[in-house]
Amino acid sequence: MSSVTNSGPETAPEDAPVDDHARYRDAWGVPHLRAADGLRLSYAQGRTTALDRAWQLEVERRRSQGSTAAFLGAGEVAWDTFARQCRLDDTARRCFEALDADTAAWVRAYVDGVNDGMAAGAARDERFARTGLLHTPWEPWVPLGIWLATHVLFAGFPTKLWRAQVAAALGDEAITLFATDGPGTAGSNGWLVPGERTSTGSAIIAGDPHRFIEDPGVYQQIRLACPEFDVVGLAVPGVPGLAHFGHTGSVAWAITNAMADYQDLYVERLTRVTDATGERVEALGPDGATEPVARHTETITVAGADGAAPTEVEVEVLETARGPVVIDTPDQSVSLRYPARVRADLGFAALPALLRARTVADIDRAVDGWAEPVNVVHAADTGGGLLHRVAGAVPLRHPDNRLRPVPAWEAGYEWQGWAETPVEPVQGFAVMANARGIASPLGVEFAPPHRAHRIRELLSGSDDWSAPDMADVHRDAFLGSAAAVLDRLPAPDGLSPEAAKLRERLLGWDRHMAAGSTDATLFAALRTALVRRIAADPALAGLAAAPTSPSVFHPWLYLLPKVGYALEGLLTTDLLPALDRAAHLRAALEETAAAAAPDTAWSEVHRLAPWQALHDPEAVWPGLGGDHDCVNATSSVPGVTDLSSRASAARYVWDLARREDSLWAVPLGADGVTGSAHHLDQLPLWARGELVPVVTDWTLLTKESI
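Residues numbered from 1 in each chain as written. Predicted model: local features only at pLDDT ≥ 70, side-chain atom pairs only at ≥ 80, totals over all residues. Heavy atoms only, no water.

Student: So what's going on with the packing of aromatic side chains? Which residues, and what values?
Tutor: For the structure shown, the criterion picks out 15 aromatic pairs. The interplanar angle of 75° and the centroid separation of 5.4 Å between the aromatic rings of Tyr219 and Phe245 together place this pair among those described as edge-to-face. Taken together, the positions of Tyr219 in the loop between β5 (214–215) and β6 (220–226) and Phe245 in strand β8 (residues 245–247) put the pair 26 residues apart, joining distant regions of the chain. Following the ring pairs from residue to residue traces out a cluster consisting of Tyr219, Phe245, Tyr652, Trp654 and Trp664. Directly above the aromatic system of Trp409 lies the positively charged group of Arg269, at a separation of 3.8 Å from the ring centroid. The ring of Trp418 carries the charged tip of Arg343 above its face, separated from the ring centre by 4.7 Å. (Phe/Tyr/Trp six-rings, centres within 6.5 Å; stacked < 30°, edge-to-face > 60°. Helix = DSSP H or I, 4+ residues; strand = E, 2+ residues; numbered from the N terminus. Lys NZ or Arg CZ within 6 Å of the ring centre and 35° of its normal.)

Okay, structure coming up:
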């Protein structure tokens, strides 16, 4: 029977399919799919996703296989090389082959739907013709490959390379000096309001995943219904089910990044040996003996520019007993060990189990089998059940493994089983915002506490929360981290009149990065000047060189953005006694005052800058409020740019009293085809922090022909 607890609007129309499947859409173009059983429904999800997002699916498939340069050009060679050296496609195949029969059949059904829908989807999107991209049938493990490619850098293992550089330049005691607390590229908000604090007496779950904003969007609004279940939620295009956010009617769940550390880097000592049998590679193992290294070569095809003939790049793929070698230069060889490769398990059996869930206990059991990325999970059901836990695979090993690359030839750094994932009771509000808390035993660096503190502060202001009220929390733009700068502004004595005036103005600012705020723009300019001055200080000269590792890792390895994200800690640490913070702050204040242009609203400079596989120079993206430490986390890169490429990849409010009162929004729209009616129709609302209704009444939907 259906998991939906209320009748009437939730029930299927009389013409609901019996033998196959049907597709409906709401006013925002969101697909509502209904089928006779779970396998047909998975097929329908794959086929509909191919119709709506064929270009996105093919780009993501090629990213997982390391073949994007064949149609996007030389700029993608670095990613393709990493994907192949990391063995993403091979790992996906191994994980698929290890699935139980029912889950494998469910994934196959989705892939069959994608394959049947791709021709129609590609015909809708001119980017296929423009690049000469021809879609080919998916292998059954492609959804697992897309998941791996999307999340392999999610835990930020390149930070360990950065920490090694910091330790070499500043000493081991400074190894976590640049903790933000946490990387600037991943994070989310999530909060659970128990029934005793809501107007209905039932729980509300709300939040937003923070990711790089992409066109098309990384989350797909969708509804999946069959006689066994009826679930509305946010899917990852290319992956069946609803892995992260869903509402079955009787239970709802959501996740954030736990900031756990579960990937390790090993410095390898590789030796190349040539004899009568040919060339081979050996590695020095932890027992002092040499070990064979798996070796083969692959060829990356690279599209020529301006009609030139394609070229080819040969890639050597090495794998030691620790894992695939992802850096192999004359200076160093480094292998990556990650759970999916070790265990041949991505946790995909949890996905169909989540769709069938009726209670919090069902969610809890389902995510027991989750693997990666490691998440904090919130869930609530209509019976009053609540859940706050961590889910995922975190290896037990030496503490140094978490901090930096460790020597493969020394014993003691092997994995020794798997950590228990923490669970906490929900007492008052449960808030997850990547800060230290429930997942602290599993990680090293976490997000600053500002978002978590602000959400708790806002929620504590009422005992009568409703679903529409949650939009006010979502769009809150108070910048808690501003205090680290403003509370250290120099005294007015000795300042120029212009700097003294700017100081007074900023001290009177309400510290909200509101879209229309001109004070927010001035603060951002001051912060930029300060970050650049600190990054140029001789105390950090040993970290200023351009990185020499593969460019895929560079976002974690440049000094200027590292200073920008770690500014609070750098202003207060005792580890850099030679750093004259007061002088830098005074100089930055004078610089900002001297350069001050006529008042400019924050949204004029803080504009959305999404990633596009094919850049559209004519696209116009909106200005935004918020900033990286606001609840409305529209991240700029302090010291580098005021543009925002990372923000809420979706916003959701799950109402456990009445599912039809739930709300959501995505940055662009439901359709991935440029110029289509629903490609950008949610963008203006999303930019303003507004939400649209989750429609559950089948009679309000428009049925499409299949």
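That was the structure; now back to the text.
Student: Before we move on, could you go through helix α1 (residues 38–65) and cite the residues and values that matter?
Tutor: The end-to-end C-alpha distance of α1 is 28 Å, clearly below the 40 Å that 28 residues give at a rise of 1.5 Å each. Here α1 lies mainly inside the structure; 24 of its 28 residues are buried. Its side-chain oxygen placed 3.1 Å from the backbone nitrogen of Leu39, Asp37 serves as the N-cap of α1. (Expected span 1.5 Å × (residues − 1). Buried < 20%, exposed > 50% of the residue type's maximum accessible area, 1.4 Å probe, protein only. Polar contact = N/O pair within 3.5 Å; in protein donor to acceptor, adjacent residues only side chain to side chain.)

Student: Mind laying out helix α8 (residues 159–170), listing which residues take part and the relevant values?
Tutor: For α8, built from 12 residues, the straight-helix expectation of 16 Å at 1.5 Å per residue is met to within 8% by its first-to-last C-alpha distance of 16 Å. Buried within α8 are the following residues: Thr159, Lys160, Leu161, Trp162, Arg163, Val166 and Ala167. Residues of α8 that are buried make contact with β10 (264–267), β15 (325–328), α12 (399–403) and α18 (559–565). (Contact = heavy atoms within 4.5 Å.)

Student: I'd like a description of the sheet that holds strand β9 (residues 251–257), backed by residues and values.
Tutor: Paired through backbone hydrogen bonds, the strands of a sheet run either parallel or antiparallel to each other. Pairing is mixed across the open sheet formed by nine strands, whose spatial order is β18-β17-β9-β8-β7-β6-β2-β1-β27. The open sheet has two edge strands with one neighbour each: β18 (386–391) and β27 (702–704). Each adjacent strand pair in this sheet contributes to an overall mean axis angle of 20°, direction not counted. Helix α11 (residues 360–367) rests against β9, β17 (375–381) and β18 of the sheet, and its axis sits at about 5° to β18. (Pairing = 2+ DSSP bridges. Axes fitted to C-alpha atoms, helices over the stretch in contact; angles between N-to-C directions.)

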